[in-house]
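# Notes for the structure review
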Amino acid sequence: MHTDTRDPVIAPPDIAVRLEGVSKVYDAGAAPVTALRDVSLAIPKRSFTAVMGPSGSGKSTLLQCAAGLDRPSAGRVTLGGTDISALKAKQLTVFRRDHIGFVFQAYNLLPHLTVARNITLPLLLGGHAVDKAWFDHVVSAVGLADLTGRSPLELSGGQQQRAAIARALITKPDAVFGDEPTGALDSRTGRQVLELLRHTATHLRQTVVMVTHDPVAASYADRVLFLADGQLVGSLERPTAQAVVDRMSSLGEW
Ligand SMILES: Nc1ncnc2c1ncn2[C@@H]1O[C@H](COP(=O)(O)OP(=O)(O)OP(=O)(O)O)[C@@H](O)[C@H]1O
């Protein structure tokens, strides 16, 4: 299914995520809400991208559509060469499990499973064998090599988020999507997690896309995309926190 829908014309090999004319309208009772308006973008493989914008600008909606957690009202989303807008619900569920990593503010680890079992769960659910070398590489990269036998309940918040990142990486996904992944962490622990996401793109050669409100968090990315009123209104390459603050200020209240 994955290979059948590959189209080298719409997704050249260096692009991990592509949105083409994506719009999203929520049917919220009497007054529909347009959360995304004709958004087109391409995210290169092995890059770290932050998505910023004022509250209500459509950041989470963009992430949900890009990650196949929600469907756009119009437009096309291509992930690693697969047009996910064309997948049926069940195919999309399988595709998400095998090809997309998620890191949320809540870690969503299962307390009755060890850290190792939590990390390998996406492989188990997909009926795939664990690549021991990649498992060891990932677990060591997230700094949990000595803690894999523990319950998540015996980990700190930062360690739990690092386990969630390892779980997101275990399938070598087309992209890892994070919605405020450091939102629940204190600033020192948050910085460690941001450094890990940076390391994930640079050294583990994975693609990371993160929604954040925090200019310091965004400064860890290669590129920041700015949304306002559901539209892509600009981007910053190699951002500094100050440059992000300045751009956000020009977008109004945030
Ligand atoms: N399920 C939904 N039903 C109706 N409207 C929604 C739904 N989800 C989001 N919206 C609306 O769509 C718009 C964009 O919301 P979204 O959550 O994507 O913005 P955001 O930039 O992530 O906001 P925040 O920074 O406050 O989390 C908002 O006007 C919001 O109220």
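Keep in mind that this is a model prediction, so the values were computed, not measured. (Residues numbered from 1 in each chain as written. Predicted model: local features only at pLDDT ≥ 70, side-chain atom pairs only at ≥ 80, totals over all residues.)

### A short note on the overall build of the chain
Helix and strand counts for the chain come out as eight helices and 10 strands. Whereas a compact globule of 254 residues would reach a radius of gyration of roughly 18 Å, the chain reaches 18 Å, a difference of no more than 12%. Projected onto its principal axes, the C-alpha positions of the chain cover 50 × 45 × 40 Å. Within the chain, buried positions represent 44% of all 254 residues. (Helix = DSSP H or I, 4+ residues; strand = E, 2+ residues; numbered from the N terminus. Rg over C-alpha atoms; globule rule 2.2 N^0.38 Å. Buried ≥ 20, exposed ≤ 12 C-beta atoms within 10 Å, placed from the backbone.)

### A word on the pairing of strand S2 (residues 33-44)
Inspection of the sheet shows strand S1 (residues 15-26) paired to S2 by eight bridges, in the antiparallel sense. From the neighbouring strand, Val-25 faces S2, where its bridge partner is Thr-34. Here S1 folds back onto S2, and the loop between the two strands holds six residues, one of which, Gly-29, carries a positive phi near 65 degrees. (Pairing = 2+ DSSP bridges.)

### So, the sheet that holds S2
Ordered in space as S2-S1-S4-S5, the four strands form an open sheet in which the pairing is antiparallel. At either margin of the open sheet sits one strand with a lone partner, and together these are S2 and strand S5 (82-83).

### A closer look at helix H5 (residues 157-169)
Over its 13 residues, H5 runs 18 Å from end to end, which matches the ideal 18 Å to within 8%, given 1.5 Å per residue. Counting buried residues in H5 gives 12 out of 13 residues, a clear majority hidden from the surface. When we look at burial in H5, the residues that qualify are Gly-158, Gln-159, Gln-160, Gln-161, Arg-162, Ala-163, Ala-164, Ile-165, Ala-166, Arg-167, Ala-168 and Leu-169. Residues of H5 that are buried make contact with strand S6 (100-103), helix H3 (115-126), helix H4 (132-141), strand S7 (175-179) and helix H6 (187-202). (Expected span 1.5 Å × (residues − 1). Contact = placed C-beta atoms within 7 Å.)

### Re the environment of Leu-41
For Leu-41, the location among the structural elements is in strand S2. The partly exposed category is assigned to Leu-41, around which 17 C-beta atoms lie within 10 Å. With residues near it in sequence (within four places) discarded, Leu-41 still touches Leu-19, Leu-225 and Leu-232.

### Some remarks on the packing of H3 against H5
Helices that pack against each other are described as a pair by the angle of their axes relative to one another and the distance between those axes. Where H3 contacts H5, the axes come no closer than 7 Å and their chain directions differ by 35 degrees. Like other packed secondary-structure pairs, H3 and H5 cross with a definite hand, here right-handed. Contacts between H3 and H5 pair Val-115, Asn-118, Ile-119, Leu-121 and Pro-122 from the former with Ala-163, Ala-166 and Arg-167 from the latter. Grouping the constituent residues of the contact of H3 with H5 by class yields six nonpolar, one polar and one charged. (Axes fitted to C-alpha atoms, helices over the stretch in contact; angles between N-to-C directions. Left-handed = near helix turned anticlockwise from the far one by under 90°. Nonpolar A, V, L, I, M, F, W, Y, C, P; charged D, E, K, R; others polar.)

### Quick notes on the site of the ligand
Neighbouring residues of the ligand: Tyr-26, Ala-28, Val-33, Ala-35, Gly-53, Ser-55, Gly-56, Ser-57, Gly-58, Lys-59, Ser-60 and Thr-61. Secondary structure elements with two or more residues in the shell around the ligand: S2 and helix H1 (59-66). Ranked by the residues each element gives to the shell around the ligand, the list is headed by H1, at three residues. Of the residues in the shell around the ligand, the class split is four nonpolar, seven polar and one charged. (Near = placed C-beta within 6 Å.)

### A short note on unusual backbone geometry
Here the phi dihedral of Arg-205 falls at roughly 60 degrees; this positive angle occurs in a residue that is not glycine. Relative to the assigned elements, Arg-205 resides in the loop between H6 and strand S8 (208-211). Despite not being glycine, Asp-229 shows a phi value in the positive range, around 50 degrees. Looking at the element boundaries, Asp-229 is found in the loop between strand S9 (223-228) and strand S10 (231-237). Looking at Asp-229, the number of C-beta atoms within 10 Å reads 16, which means it is partly exposed.

### Examining the nonpolar core
The tendency in soluble globular proteins is for nonpolar side chains to be buried as a group. Membership of the largest hydrophobic core comes to 65 residues, with the highest contact counts inside it found for Val-51, Ala-66, Ala-166, Phe-177, Leu-197, Val-209 and Val-224. Looking at this core element by element, the count peaks at six residues for H5. Setting aside its immediate chain neighbours within four residues, Val-51 contacts Lys-59, Leu-62, Leu-63, Val-209, Met-210, Val-211, Leu-225 and Leu-227. (Core = buried A, V, L, I, M, F, W, Y, C linked by C-beta atoms within 7 Å.)

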